[in-house]
Structure formats: structure tokens, C-alpha cells
Amino acid sequence: MKKVILIAFYFNQVNEIASKRLRALARYLPKFGWEPIVIVPDLGFIPKENDDLNCRIIFTEYEDMFSHFSNKFNLSQSSNNGIDNENHVFNSDFEDENAKDKLRDSTSYSNPLASKAVSIAGEVFAYPDGMKYWYESAFGEASKIIEEEEVGAIISSSWPITCHTIAKDLRDRYDIFWIADLRDLWNLNPYVSHSFIRNYFERRLELKTFENADVLTTTTDLASKTLATLHPNNKIVTILSGYDEEDLKFLGDGFGESDGEDDLESSQKEDKLKFIYAGSLYGGKRDPTILFKAIRQLEDENRLDSSKLSLDFYGDSTNLEEIAGKFDLLSILNIGGKIAHEEVLKKQLDSDVLLLISWNDEKEKMFIPGKIYEYFALGKPVLSIGYKEGSLKDLIDQTKVGYHVSTLESTKEVLLKLYDEFLEKGRVELNSDIHIEDYSMENMAKKFADLLNGINDK
């Protein structure tokens, strides 16, 4: 079996979207003839949960930027388990609220002046990112493997950009095939902004870094088109992420079957059209207000009875009671708090419509939330609320798995359609001819393997 080195900073953060794509690569590439050797940092505070993976994982020494400078200048850091958030952006790759908390906590210093100084210095010293002090140990371990074993290729994945600088130097030294996977773009990322001087050097670094990359991959077609404006001479391939069958195995053959307390919920299902959302609202950036407002207006117009609806939210509850109260809909709001992912999946299977709420901002055009692929696997209709156009809307329209809305009127129209169907049939049907296997993580890994198998065609 041919060997490929996978340079992956986010890997053992098992519940984060950032890690899911990379862990799936490690899990499924062997099915297509490639043995992954994964290079990851030893972050210390993150469990090394890899019992489900049958691959070699090498944990290398790691020192984050804040610890590096704390050691140099004897600054007192309130947490020595830091991860840089200089380049932490709100986008499709950071779905996990706990991960955001860790990143925020990592920059907390007991000395406010020291904290401010580090923040200002970050524009200079966190170049290209605060994980750059991982370079030496990761490059050394990867070089040793390449020199001692027959390695056919390298895959690096960002964020952080340091993963690509490591891979770039390995490719230059050993003339080895290299795929640079940009889960989020670098300079063309709409959520990243720097000073004019930093932008100049950052752009120059990106051009130099990817100059000899064999393939650049992205997660959406729009990201690929955008990337091509900066790298017109590179081969750029879109490889969507997907759902992982391993996450759903515990459901077995009895999808949606439950007992005990869940049976009570199921018995009420015939009387209530149940919507469910599970995840973060990111401090209100993901705003469900339009949904509550649409329900209120439809009821005031005598076109809908809100008592026949149920809005279940799990995870983040930011402003939910305030919003529901404003529209006199507290009676249909159910806040379940944070529960295990397996429990979330069970409750989603027991719902009628899966809610997907994204930021209604033009910057979101490029991104597809990883949650949508899990929704595909669950086989339930989707109501997506977000920006009026872009990658997510295109995907939903193409697959016909549900509806994407951005205005009050379109939300009312779709709600009424779902409501009327529920009253007529007692359920809402998924009318999609989607080939679900096309959106699996295994299929994603196969596409990477296809690129690797085409090495001789480069």
C-alpha cells in the first residue's frame, strides 16, 4: 500500500468540524490504496482519541506563540494550554462552541497590559499564524519518515497555514507530490483582515507557498473559483466534505426508534410539527428571529395555529427566550441545553424538519456548514435560513433536500407549505432524488485518492 503523510493540526478535536474531514481521510484512504501517516501536534489538553482509526498517528512537540513569548519575557499566562486565535475566523470550519471558548481562553493573560501588548504584536509575530512554532518538530518528524520509508505524497490542510509551509518545504526538499487542502481560503478568506503591510507580506507568502503545489483543493465551487483568481496556474479541485457513516452506526437499523421519555415525544408528533436546531448561535450572528416573526405574522393572518408547532433548540440558547417572548411564542419554544451528539441525532430523527441557521451576511456565500451533510444522512427535510445566495443555497436547490430562505416573505411561504402538508398528511415528506453516498466522507476520501492515483499524470 502506498503511503501518504497527512499534516493536520486539527485532528484530535473529535467533535469539531475542522477535525472531521481530516479524521475521515485517515479512516477511509486505506480503502483506496493509501496508508496515511498523520503528523499532529501534541497539545497536551486534548485527548488522543483514536481507537476508531486504524492508522499511524505521530504526535510531535508543540509550543504555541503565547507560551513561546511568555517563556521569553516571563509573562504570566492564565492558561498554558493555549492555541492561537490570531487567525481564528467565524466560518464553516469552526462549528464547535467549546472550541471557540478554548481559543478565546488561550489568549487570556492575568496582566492586562501584557495581554494588550501581545495582541498588538500578534499582527507581526503571528505570521503566518500563531502555530508557526510547530513547524520545526513537524518538519523534522516528516522528513525522517520520508528518508526512512517510501512515501508517495503529502496532504496538508489549513487552518493553520503552518501546515502548508511545512508541506511546501517538504515538497521542495524531496520533490514529493503535494495536495494543499484549503478548508478555508488564506488571503481570500472574507473573515480575515490585516493591516496593509501584513496583507502585502501575507499575499506574497501565499503565492510563494503554493507556487509548486501539485493540487489545491477547496470545499466549495465558489471557493475554488475565488482561489483561481489568485492562483490561475494551479490545478484547483473542489472536494466537498460530507457525513461520516461511523457517526451514525449507533443508530443501527431502527432509525428513529425510541422508548421511555422519547416515546412521549413521538406520540405528540402527530399533533405538532416539530422543528429542531442543534448547535451554536454564535452570540446572535446566527439569528432565528425571522422564523419567530414569520410564525407570528402567519398566526395573526389566521393562516397558521402556532400551538401545532414545536421549536426545539439544543446547545446554544443565546437570546432565544427574548426573541420568542417578543413574538409571544414562548409556549412553542423548547430549550434542551447541551447534550451528547448521539442524543442530538436521535432527537433529529424524531423531528419533522431540521433547521439550519447561518449568518445572513454576504461573507457566508462561500461556505457550506458541515451540519448540512449530516442532515442529508438523516433523511429529513431541511429549512435553511441564511444569506440569499451562495454555496449553501446552491447545494440545497441542487439536492432538493428542503428550502433555503433569507427574507420574511420567503420564510412565511415555506412555513405555510410545510404546515399545510403536515396538517394534510400528518408528516412532512422529503422529496429528493439525492444520491446520499455522493455526500459521504468516504466519497470525499475517494476523491483525494483519485488525485493521489493520478500522480504520474501531473
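Look up: the structure comes first, before these words.
The structure contained in this document is the topic of the report that follows. In this text, all values refer to a predicted model and were calculated from it rather than measured experimentally.

Some details on the packing of helix 1 (residues 17-28) against helix 17 (residues 441-453)
Here is step 1 of the chain: Packing of helix 1 against helix 17 brings their axes to within 9 Å, and their N-to-C directions diverge by 70 degrees. On the basis of the axis angle, helix 1 is roughly perpendicular to helix 17. Contacts from Lys 20, Arg 21, Ala 24, Leu 25 and Tyr 28 in helix 1 reach Met 441, Glu 442, Met 444, Ala 445 and Phe 448 in helix 17.
Here is step 2 of the chain: For the contact of helix 1 with helix 17, the residue count by class is 7 nonpolar, no polar and 3 charged.

Description of the pairing of strand 2 (residues 34-41)
Here is step 1 of the chain: Strand 2 sits mainly inside the fold: 7 of its 8 residues count as buried.
Here is step 2 of the chain: Where strand 1 (residues 2-8) meets strand 2, 6 bridges bridge the pair, whose relative direction is parallel. From the neighbouring strand, Val 4 faces strand 2, where its bridge partner is Pro 36.
Here is step 3 of the chain: Where strand 2 and strand 3 (residues 56-60) come together, 5 bridges link them in parallel fashion. Across the sheet, residue Val 38 finds its bridge partner in strand 3, namely Ile 57.

Points about the pairing of strand 8 (residues 273-279)
Here is step 1 of the chain: Strand 8 sits mainly inside the fold: 6 of its 7 residues count as buried.
Here is step 2 of the chain: Relative to strand 9 (residues 309-315), strand 8 is paired through 7 bridges, and the arrangement is parallel. Paired with Gly 279 across the two strands is Gly 315, which belongs to strand 9.
Here is step 3 of the chain: Handedness of the strand 8-helix 11 (residues 289-300)-strand 9 crossover: right-handed.
Here is step 4 of the chain: Pairing between strand 8 and strand 11 (residues 353-357): 2 bridges, direction parallel. Paired with Ile 276 across the bridge in strand 11 is Leu 354.

Quick word on the nonpolar core
Here is step 1 of the chain: One finds Ile 5, Ile 7, Phe 9, Trp 134, Ile 154, Leu 170 and Phe 210 to be the most contacted residues of the largest nonpolar core, which totals 39 residues.
Here is step 2 of the chain: Going through the elements one at a time, strand 1, strand 2, helix 5 (135-148), strand 4 (151-158), helix 6 (162-174), strand 5 (177-182) and helix 8 (221-228) are the ones with two or more residues in this core.
Here is step 3 of the chain: With 5 residues, helix 5 is the single largest residue contributor to this core.
Here is step 4 of the chain: Counting residues in each nonpolar core, the second largest holds 34 residues, with Leu 273, Tyr 277, Leu 311 and Val 353 among its members.

Some points on the packing of aromatic side chains
Here is step 1 of the chain: The tally for this structure, following the rule as stated, stands at 11 aromatic pairs.
Here is step 2 of the chain: Here the aromatic rings of Phe 9 and Tyr 10 are separated by 5.3 Å at their centres, their planes lie at 70 degrees, and the arrangement is edge-to-face.
Here is step 3 of the chain: Under the relative-accessibility criterion, Phe 9 is labelled buried at 2%.
Here is step 4 of the chain: Measuring from centroid to centroid gives 5.0 Å for Phe 376 and Tyr 439, while their planes differ by 75 degrees, and the two rings are edge-to-face. Within this pair, whereas Phe 376 is found in helix 14 (residues 371-378), its partner Tyr 439 is found in the loop between helix 16 (408-425) and helix 17, the two being separated by 63 residues in sequence.
Here is step 5 of the chain: Look at Phe 376 and you get buried, because its relative accessible area is 6%.
Here is step 6 of the chain: Judged by relative accessible area, Tyr 439 falls into the buried class, the value being 9%.
Here is step 7 of the chain: An aromatic cluster of at least three residues, connected via ring pairs, comprises Phe 9, Tyr 10 and Trp 134.
Here is step 8 of the chain: Taking the ring centre of Phe 11 as reference, the NZ or CZ of Arg 23 above it sits at 5.2 Å.
Here is step 9 of the chain: Positioned above the aromatic ring of Trp 359 is the side chain of Lys 285, whose terminal nitrogen or guanidinium carbon lies 5.5 Å from the ring centre.

Observations regarding the side chain of Thr 60
Here is step 1 of the chain: Structurally, Thr 60 is set in strand 3.
Here is step 2 of the chain: Thr 60 gets classed as buried once you look at its relative accessible area, which sits at 3%.
Here is step 3 of the chain: Separated by 2.6 Å, the side chains of Thr 60 and Trp 134 make a polar contact.
Here is step 4 of the chain: Leave out the neighbours within four places in its chain, and Thr 60 touches Ile 39, Val 40, Pro 41, Asp 42, Trp 134, Ser 137, Ala 138 and Glu 141.

Here is what the cut-offs are and how they apply
- Residues numbered from 1 in each chain as written.
- Predicted model: local features only at pLDDT ≥ 70, side-chain atom pairs only at ≥ 80, totals over all residues.
- Heavy atoms only, no water.
- Axes fitted to C-alpha atoms, helices over the stretch in contact; angles between N-to-C directions.
- Helix = DSSP H or I, 4+ residues; strand = E, 2+ residues; numbered from the N terminus.
- Parallel < 35°, antiparallel > 145°, perpendicular 65-115°, else oblique.
- Contact = heavy atoms within 4.5 Å.
- Nonpolar A, V, L, I, M, F, W, Y, C, P; charged D, E, K, R; others polar.
- Buried < 20%, exposed > 50% of the residue type's maximum accessible area, 1.4 Å probe, protein only.
- Pairing = 2+ DSSP bridges.
- Right-handed = clockwise from strand over helix to strand, strands pointing away.
- Core = buried A, V, L, I, M, F, W, Y, C linked by side-chain atoms within 4.5 Å.
- Phe/Tyr/Trp six-rings, centres within 6.5 Å; stacked < 30°, edge-to-face > 60°.
- Lys NZ or Arg CZ within 6 Å of the ring centre and 35° of its normal.
- Polar contact = N/O pair within 3.5 Å; in protein donor to acceptor, adjacent residues only side chain to side chain.

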